[in-house]
Amino acid sequence: LSLLESLLQLAVAPDRVTYISTIGACEKVGQWEQAVELLKHMHSYGFQPDTSAFSAAISACSGSSEWQRALWLLEEMHSPTIPPNTIAYTAAIGAC
């Protein structure tokens, strides 16, 4: 997270991979709230969260037993442009 913050302070725009990697790091340390905020923040830089970003955020919620938030994110994915994948479904089921 500090690396992402440093990029932003230096006016270096993060890319999609930076966001997904940071969301994944949040999962590893149990910071599901930060993962969800990063997912929302992607829009600020013109990125539409994709299946990988949503799956990482769902996994972060799953690891913290935040089943309601995980299911909400899974519901948010259901669109023609962001199809849920096996990873997203498995993480959401694991949260329950």
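Computed from a predicted model, the values in this text were never measured in an experiment.

Asker: Can you help me understand the packing of helix α2 (residues 16-28) against helix α4 (residues 51-63) in this one?
Answerer: In a pair of packed helices, the angle between the axes and the distance between the axes together describe the arrangement. Orientation of α2 relative to α4, taken along the N-to-C sense of each, is 15°, at an axis distance of 8 Å. Comparing their axes, α4 and α2 come out roughly parallel. In this structure, α2 crosses over α4, and the sense of that crossing is left-handed. Contacts between α2 and α4 involve Ile20, Ile23, Gly24 and Glu27 from the first element and Ser52, Ala53, Ala56, Ala57, Ser59 and Ala60 from the second. Of the residues contributing to the contact of α2 with α4, the split by class is six nonpolar, three polar and one charged.

Asker: In this structure, what is going on with the confidence of the model for the protein? I would like to understand it.
Answerer: Predicted coordinates in areas of low pLDDT are best not read in detail. When pLDDT is averaged along the protein, the result is 85, and 88% of the positions lie at 70 or above. Per-residue pLDDT, averaged within each element of the protein, yields its smallest value for helix α1 (residues 2-9) (64) and its largest for helix α5 (residues 67-77) (93).

Asker: Would you mind showing me how to read the nonpolar core here?
Answerer: Taken as a class, soluble globular proteins show a tendency for nonpolar side chains to be buried jointly. One finds Ile23, Leu39, Met42, Ile58, Leu73 and Met77 to be the most contacted residues of the largest nonpolar core, which totals 26 residues. When residues of this core are traced back to their parent elements, those giving at least two are α2, α3 (32-41), α4, α5 and α6 (86-95). Among the elements that make up this core, the one with the highest residue count is α4 (seven residues). Apart from the residues within four sequence positions on either side, Leu39 is in contact with Ile23, Pro49, Ala53, Phe54, Ala57 and Leu73.

Asker: Even after reading the chapter, I still don't get the environment of Ala57, so can you show me in this structure?
Answerer: Checked against the element boundaries, Ala57 lands in helix α4. Among the residues examined, Ala57 registers a relative accessible area of 0% and is labelled buried. Along the primary structure Ala57 and Ala35 are separated by 22 residues, whereas in three dimensions their C-alpha atoms are 5.4 Å apart. In this structure, Ala57 is in contact with Ile23, Ala35, Leu39 and Leu73, ignoring residues within four places of it in sequence.

Asker: Is there a simple way to think about the side chain of Thr51 in this case?
Answerer: Tracing the backbone shows Thr51 in helix α4. With a relative accessible area of 16%, Thr51 lands in the buried category. Here the side chain of Thr51 touches Pro83 through a polar contact of 3.0 Å, landing on its backbone oxygen. Those residues in contact with Thr51, other than ones at most four positions away along the chain, are Met77, Ile82, Pro83 and Asn85.

Asker: Help me understand the pattern of salt bridges in this model?
Answerer: Note on pairing: side chains with opposite charge can pair once their charged atoms come close. With the rule as written, the count across this model stands at one salt bridge. Of the charged contacts in the structure, one is a salt bridge between Lys40 and Glu37, with a shortest N-O distance of 3.7 Å. Of this pair, Lys40 and Glu37 both sit in helix α3, three residues apart, roughly one helical turn. Looking at Lys40, the relative accessible area reads 42%, which means it is partly exposed. On the basis of relative accessibility, which here comes to 44%, the residue Glu37 falls in the partly exposed class.

The rules behind each value
- Residues numbered from 1 in each chain as written.
- Predicted model: local features only at pLDDT ≥ 70, side-chain atom pairs only at ≥ 80, totals over all residues.
- Heavy atoms only, no water.
- Axes fitted to C-alpha atoms, helices over the stretch in contact; angles between N-to-C directions.
- Helix = DSSP H or I, 4+ residues; strand = E, 2+ residues; numbered from the N terminus.
- Parallel < 35°, antiparallel > 145°, perpendicular 65-115°, else oblique.
- Left-handed = near helix turned anticlockwise from the far one by under 90°.
- Contact = heavy atoms within 4.5 Å.
- Nonpolar A, V, L, I, M, F, W, Y, C, P; charged D, E, K, R; others polar.
- pLDDT = per-residue confidence, 0-100.
- Core = buried A, V, L, I, M, F, W, Y, C linked by side-chain atoms within 4.5 Å.
- Buried < 20%, exposed > 50% of the residue type's maximum accessible area, 1.4 Å probe, protein only.
- Polar contact = N/O pair within 3.5 Å; in protein donor to acceptor, adjacent residues only side chain to side chain.
- Salt bridge = Lys/Arg side-chain N within 4 Å of Asp/Glu carboxyl O.

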